[in-house]
Amino acid sequence: MSDDRDLETVPAGATRCGIVALVGRPNVGKSTLLNALLGRKVSIVTPRPQTTRTRIHGVLTRPDLQIVFADLPGIHARQPRAINRYMNRTALASLADADLNLFIIEALRWTDEDERALEELRRAGRPVLLVINKSDRARPRDRLLPFIAEVSRKAEFVDVVPLSALKRSNLECLPGLIARHLPESPLLYPPDQVTDASDRFMAAEIIREKLTMRLQEEVPYGLMVEIEGIGQAEDEPGKLVVQAVIWVERTGQKAIVIGKGGELLKEVGRAARLDLKRHFGRPVHLELWVKVREGWSDDDSALRKFGFET
Ligand code: GDP
Ligand code: MG
């Protein structure tokens, strides 16, 4: 996994720019790390695995440096549904394209899924920097150093960095360490752009995050949010109107999402509206509907409608 380019030939003062994929099994904290590095939420985070469904670019621009992070759906064991096949394919294709891969694992944990992700990284053949996340949770503390030594031996990592994305500790060294592996290149994004995600996409993701947080295990993965309209309110200048449909897979799930007397949906709407307001920097009027489309997560035409490239 050593670098195949002589990057020290980049002249002093030149701009380095490249793509860095965030790789790891579900739930290790890839999206949390990205948001922490950017100081802004571009990728939604929940305690549930498989929250990130499509690739999102998050862009960090500093003088002479632009890092384009690709937050990927986690690589996971083979699962039969079309959405899982899609998520695996998206993740794997991106590894081989990256200038550098960040391999993210959890402190004091090494699982078969981590092993599988490392195998994919080996196959991709790009340089790999190992991030040991959730170091804040490592107990007992004196097991951390031996763990770092042990995982460091699993491959030829260009660096090994223990940190906590949640507590934002030891993050500051990362951009500099990453920069050493990026080529000299013109910027890929304008310097003020933080993500390639559209307003529509961000709005749908924020609503899905709030739903997922409240529903726990009750509607496993069968949720999709589609934005039917997003635009300026006619009656109130500066106000944004967002019209969204929450698609579920079965009629029984519709009742769960709405909740007793509509309580759950109202609560989701309140939380989502606050976050949408924060994201777009203006007041938001949110309209939510719940509709049923049977078996969408295993249906290629439904996935295409929801924006997945199947
Ligand atoms: P992803 O699936 O890899 O994108 O993981 P997420 O970023 O969605 O995080 C999964 C869970 O781990 C969430 O509940 C996060 O709050 C939590 N988490 C992420 N980073 C840390 C960390 O540094 N420390 C602790 N204690 N929890 C974290
Ligand atoms: Mg994620």
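Residues numbered from 1 in each chain as written. Chains lettered and ligands numbered in written order. Predicted model: local features only at pLDDT ≥ 70, side-chain atom pairs only at ≥ 80, totals over all residues. Heavy atoms only, no water.

**Considering the pairing of strand S8 (residues 240-248)**
Definition in use: Per-residue accessibility, obtained with a 1.4 Å probe over protein chains only, is compared with the maximum for each type, and a residue is labelled buried under 20%, exposed over 50%, and partly exposed between these values. Starting at the N terminus, helices and strands are each numbered in turn, a helix being any DSSP run of H or I of at least four residues and a strand any DSSP run of E of at least two. DSSP bridges decide pairing: two strands pair if at least two such bridges lie between them.
Counting buried residues along S8, 8 of its 9 residues qualify, which places the element largely inside the surrounding structure. Alignment of strand S7 (residues 224-232) against S8, held across 8 bridges, turns out to be antiparallel. When the bridges of S8 are listed, Val225 appears paired with Ile246.

**Structural notes on the site of ligand 1**
The condition is simple: When we say a residue is near a molecule or strand, we mean one of its heavy atoms is within 4 Å of it. Pairs of N or O atoms within 3.5 Å make up the polar contacts considered here, provided that, within protein, one atom can donate a hydrogen while the other can accept it, and that residues adjacent in sequence are counted only when both atoms are side-chain atoms. We get accessible surface area from the Shrake-Rupley algorithm with a probe of 1.4 Å; when it comes to residues, only the shown protein chains can shield them.
Within the structure, ligand 1 sits among 17 residues, and Asn27, Gly29, Lys30, Thr32 and Asp136 are positioned closest to it. Between an oxygen atom of ligand 1 and a main-chain N or O atom of Asn27, the distance comes to 2.8 Å. Between an oxygen atom of ligand 1 and a main-chain N or O atom of Leu166, the distance comes to 3.1 Å. Surface burial for ligand 1 is 89%, taken as the share of its 580 Å² of free accessible area covered by protein chains.

**What to know about the pattern of salt bridges**
What counts, and what does not: Here a salt bridge means any side-chain nitrogen of Lys or Arg lying within 4 Å of a carboxyl oxygen belonging to Asp or Glu.
Applying the stated criterion across every chain yields a total of 17 salt bridges. Between Arg25 and Asp114 there is a salt bridge whose closest N-O contact spans 3.0 Å. A residue pair is termed long-range when its members are at least 10 positions apart, and Arg25 in the loop between strand S1 (16-23) and helix H1 (30-38) and Asp114 in helix H3 (residues 112-124) qualify at 89 residues. When salt bridges that share partners are traced, they join Arg25, Glu106, Arg109, Asp114, Lys134 and Arg137 into one network.

**Topic: the side chain of Ser31**
Among the structural elements, Ser31 can be located in helix H1. When its relative accessible area of 8% is taken as the criterion, Ser31 is described as buried. Side-chain polar atoms of Ser31 contact the side chain of Asp71, separated by 2.7 Å.

**Notes on the sheet that holds S8**
Selection criterion: Fitted lines through C-alpha atoms give the axes, limited to the stretch in contact for helices. The angle between two N-to-C directions lies from 0 to 180 degrees. Contacts are assigned to residue pairs that have any heavy atoms within 4.5 Å of one another.
What the 3 strands build is an open sheet, ordered S7-S8-S9; its pairing is mixed. What marks the edges here is a single partner per strand, and that holds for S7 and strand S9 (284-292). Between one strand axis and the next, the sheet turns by 15 degrees as a mean value, whatever way the strands run. Lying over the sheet, helix H7 (residues 251-258) contacts S8 and S9, oriented at roughly 155 degrees with respect to S9. Sheet strands touched by helix H8 (residues 263-280): S7, S8 and S9. Its angle to S9, the strand with the most contacts, is close to 135 degrees.

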